[in-house]
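One letter stands for each residue in the lines below.
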Amino acid sequence: MNWGTELWDQYDNLASHTQRGIEFLDKYGNFVRDRCTIEQEYAAKLRRLVKNYQPKKKEEDDNEFTSYQAFKNVLKEIGDLAGQREVVAESLQIQVSNAITLLSKNLREERKKTLTEGSNLTQNLTAQVLALDRAKKNYEKAYRDSEKALENYQRADADLNLSRAEVEKQRHNMTIKSQQSDDAKNEYANQLQKTNKLQQQHYESALPDVFNRLQEIDEKRTRGLKEFIKGAADAESSVAPIIARCLEGVVIAAESIDEKEDSHKAVEKYQSGFLPPGDIPFEDLSKMDPDLSNHSQYHSATNVNNHMTHRGTIGANKLKKRTGIFGIFSSNKKLLEACITVKNTLSTDGMKEDYSDLPPNQRRKKLTSKINELKHKIVQETAAHDGLMKMKSVYEANSLLGDPMSVEGQLNESAHKLEKLKVELRKYQQYLEQANSVQIAQHSPQSHRNLQNGQRMSRHSNGSGENEDGDDQPDDAGSLSSSASPESGLGTSHTSLPGSGQGSANDQVMNEDMYYEAEPLQALGTCKALYPFDATSEGSIPMSENEELQVIELDQGDGWTRVRRCTGPNGWEEGFVPTSYIESTLYA
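Residues numbered from 1 in each chain as written. Predicted model: local features only at pLDDT ≥ 70, side-chain atom pairs only at ≥ 80, totals over all residues. Heavy atoms only, no water.

*Asks:* Tell me about the overall build of the chain, and name the residues and values.
*Replies:* If you tally the helices and strands in the chain, you get 13 helices and 5 strands. For the chain, the proportion of its 588 residues judged to be buried stands at 36%. Across the chain, every contact between residues at least 6 apart in sequence was considered, and the portion connecting residues at least 24 apart equals 73%. Approximately 36400 Å² of the chain is accessible, and the part contributed by carbon and sulfur atoms is 52%. (Helix = DSSP H or I, 4+ residues; strand = E, 2+ residues; numbered from the N terminus. Buried < 20%, exposed > 50% of the residue type's maximum accessible area, 1.4 Å probe, protein only. Contact = heavy atoms within 4.5 Å. Areas by Shrake-Rupley, 256 points an atom, 1.4 Å probe, with all protein chains shown as cover.)

*Asks:* Run through the pattern of salt bridges, naming residues and quoting values.
*Replies:* Per the stated rule, a full pass over the model turns up 22 salt bridges. In this structure, Arg108 engages Asp26 in a salt bridge whose closest nitrogen and oxygen atoms are separated by 2.4 Å. Taken together, the positions of Arg108 in helix 3 (residues 66–158) and Asp26 in helix 2 (residues 11–52) put the pair 82 residues apart, joining distant regions of the chain. Residue classification places Arg108 among the partly exposed residues on the basis of a relative accessible area of 35%. Judged by its relative accessible area of 21%, Asp26 is partly exposed. Between Arg562 and Glu553 there is a salt bridge whose closest N-O contact spans 3.5 Å. The pair Arg562 / Glu553 is uniform in exposure class, with both members buried. One network of salt bridges, with partners in common, ties together Arg35, Glu39, Arg85 and Glu236. (Salt bridge = Lys/Arg side-chain N within 4 Å of Asp/Glu carboxyl O.)

*Asks:* Break down the packing of aromatic side chains for me, citing the residues and quoting the values.
*Replies:* Under the criterion given, the structure shown has 10 aromatic pairs. Ring centres 6.0 Å apart and planes at 45 degrees place the aromatic pair Phe65 and Tyr68 in the tilted group. For Phe65, a relative accessible area of 7% puts it in the buried group. Here the aromatic rings of Phe533 and Trp560 are separated by 6.1 Å at their centres, their planes lie at 70 degrees, and the arrangement is edge-to-face. Within this pair, whereas Phe533 is found in the loop between strand 1 (525–529) and strand 2 (548–553), its partner Trp560 is found in strand 3 (residues 560–566), the two being separated by 27 residues in sequence. Judged by relative accessible area, Phe533 falls into the buried class, the value being 7%. In textbook terms, an aromatic cluster arises when at least three aromatic residues are bridged by ring pairs, as seen for Tyr531, Phe533, Trp560 and Tyr581. When the ring centre of Trp572 is taken as origin, the NZ or CZ atom of Arg564, which lies over that ring, is 5.6 Å away. (Phe/Tyr/Trp six-rings, centres within 6.5 Å; stacked < 30°, edge-to-face > 60°. Lys NZ or Arg CZ within 6 Å of the ring centre and 35° of its normal.)

*Asks:* Any chance you could break down the pairing of strand 2 for me, citing the residues and the numbers?
*Replies:* Two strands pair when backbone bridges link them, and strand 1 and strand 2 are joined in this way by 4 bridges, in the antiparallel orientation. Counterpart to Thr526 in the pairing with strand 2 is Gln550. Two strands pair when backbone bridges link them, and strand 2 and strand 3 are joined in this way by 3 bridges, in the antiparallel orientation. Residue Glu553 lies in a different strand from strand 3, and its bridge partner there is Arg562. Taking the residues that link successive antiparallel strands as the turn, the strand 2-strand 3 hairpin has 6 residues, and the phi of Gly557 there is positive, at about 100 degrees. (Pairing = 2+ DSSP bridges.)

*Asks:* How would you explain the environment of Asp558 if you had to name every residue and give the values?
*Replies:* Take Asp558: it is sitting in the loop between strand 2 and strand 3. Judged by relative accessible area, which is 10%, Asp558 ranks as buried. With 21 residues separating them in the primary sequence, Asp558 and Thr579 have C-alpha atoms 9.0 Å apart.

*Asks:* Let's hear about the nonpolar core: which residues, and what values?
*Replies:* If you look at the biggest cluster of nonpolar residues, it comprises 27 residues, and the most contacted ones within it are Tyr28 and Leu92. Listing elements by their share of this core, those giving two or more residues are helix 2, helix 3 and helix 4 (164–238). The leading source of residues in this core is helix 4, at 9 residues. Discounting residues that sit within four places of it in the chain, Tyr28 has contacts with Val96, Ile100, Leu225, Phe228, Ile229 and Ala232. Core analysis: the next-biggest nonpolar cluster, separate from the first, contains 13 residues, Leu367, Leu374, Leu418 and Ala435 among them. (Core = buried A, V, L, I, M, F, W, Y, C linked by side-chain atoms within 4.5 Å.)

*Asks:* Can you tell me about the confidence of the model for the chain, naming the residues and giving the values?
*Replies:* Of all residues in the chain, 74% attain a pLDDT of 70 or more, and the chain-wide mean is 77. Counting interchain partners and residues more than four positions distant, the pLDDT-below-50 stretch residues 292–336 has 107 contacts. Taken as a whole, residues 443–518 scores under 50 in pLDDT and shows 155 contacts with residues more than four places along the chain or in a different chain. (pLDDT = per-residue confidence, 0-100.)

*Asks:* Before we move on, could you go through the sheet that holds strand 5 (residues 582–586) and cite the residues and values that matter?
*Replies:* If you walk across this open sheet you meet the 5 strands as 4-3-2-1-5, and the pairing is antiparallel. Of all the strands in the sheet, the pair left with one neighbour each is strand 4 (572–578) and strand 5. Averaged over all adjacent pairs, the angle separating strand axes in this sheet is 40 degrees, with direction ignored. (Axes fitted to C-alpha atoms, helices over the stretch in contact; angles between N-to-C directions.)

Right, here's the structure in full:
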């Protein structure tokens, strides 16, 4: 079934149909181009998403957990997925969009050429039909004139009054008109024959050829659209296996998450290595020990244990040291010297050079990592030094290759750097040995017993608690208002012994590190005095029975709670009261 036979009289409709078909092809081409743009934007947004969620430098410590590693692998797979969307966009652009543009251009040119030919054929047929119409009109006019001339001759011949000359004249006119009528008739017959032949050729061969070429153009357009749609699907399906592998990679990354392993790594990362505090001994107030230094020494040792335990669990940056007004008169010069000493011992990551401010386990982990890093640098520097030595020996063997002295400066610099790395390695190895020895001492039964009995530090002769056999004895009792007062455990170092008059370097740093809070602290709750209390020590405030006060700092294990009393519209008074004397109600 072809258009030339079935649609011989639908020239205008076929011209319009082929035009709409090409416009539809262009519309699909615009669709493909818009899809390419969407694919490219989608790929770009996926890559931006992956970039935004890449682990930050501050999160590197958490990358050891399987959940973090799995998410990192998921980001990698999503990045690969973005690459495949870019491949789809490129394939659609090259294989489909550009081909559609080229096909549309060719179809438009072929259609224009074909329609021009059909238009010429139609114009020729129309011209022939007009010529036939003119010949027919001429024939009709000549025939009428011939008939009229015949009638005139017959009347003249019948009229006896007319002369012979007049009759001959009418006969001659009749003959001329009859000849003209015959010529017009022949011309009309000739034009009719020519028109019929042209019309037959036009509708049977010429115009059907034009319509058939239009049919081929339209079928070519339809066939091309079919191939383009399949090509777009092929562009998608060609990357489908890779996309499937990306999704499989995401599933594998998810299955690699091991909650037990992450829990174990959390233990390894955050385990402090400190021992839990021992039992708190009973203080019998009826048996007062006149040697107050022994009791104060127990509280100081207990505070040291609690302080170190807190550092290993909640972190040093969250530990609050209470000094209140006791450290306000500290020496500014000593404080400045302590700050300078601490600053000089800090490493590049803000910690001390020997990582002594970390808990034991984390300190050993940091030191081991630092030692491994130094060993790796030493291996690299040794290889570089050996390479320079070989280069120097080659230059010495053949001076044409280079000057041996040109390598001498690099050799000296490399040797100096290598020696510096070795010295630093030995230093950190000593730090690690020291950390291991401290850990062994802390885990020994004798050390644990000394921590429990408060005998962690040696006593002075006036406060010695050793018996004749040399065994350590715990303090029997202590005064609530003196040995357990704020000045016995507050305003002084947590590790120095009251009354000793001296302490270790670490004690001084800890003492200088305390701060004075000038701004009022936020109330944590309220408390009610169960018993009256007379302030007999520095830093404490008196209270009467059933008095309501604000709690601004909880008991830190020394038996004292910091409270505030509002004394006026804008006035307030702060101090410490015994925790056992109050009943606290904290805010939610």
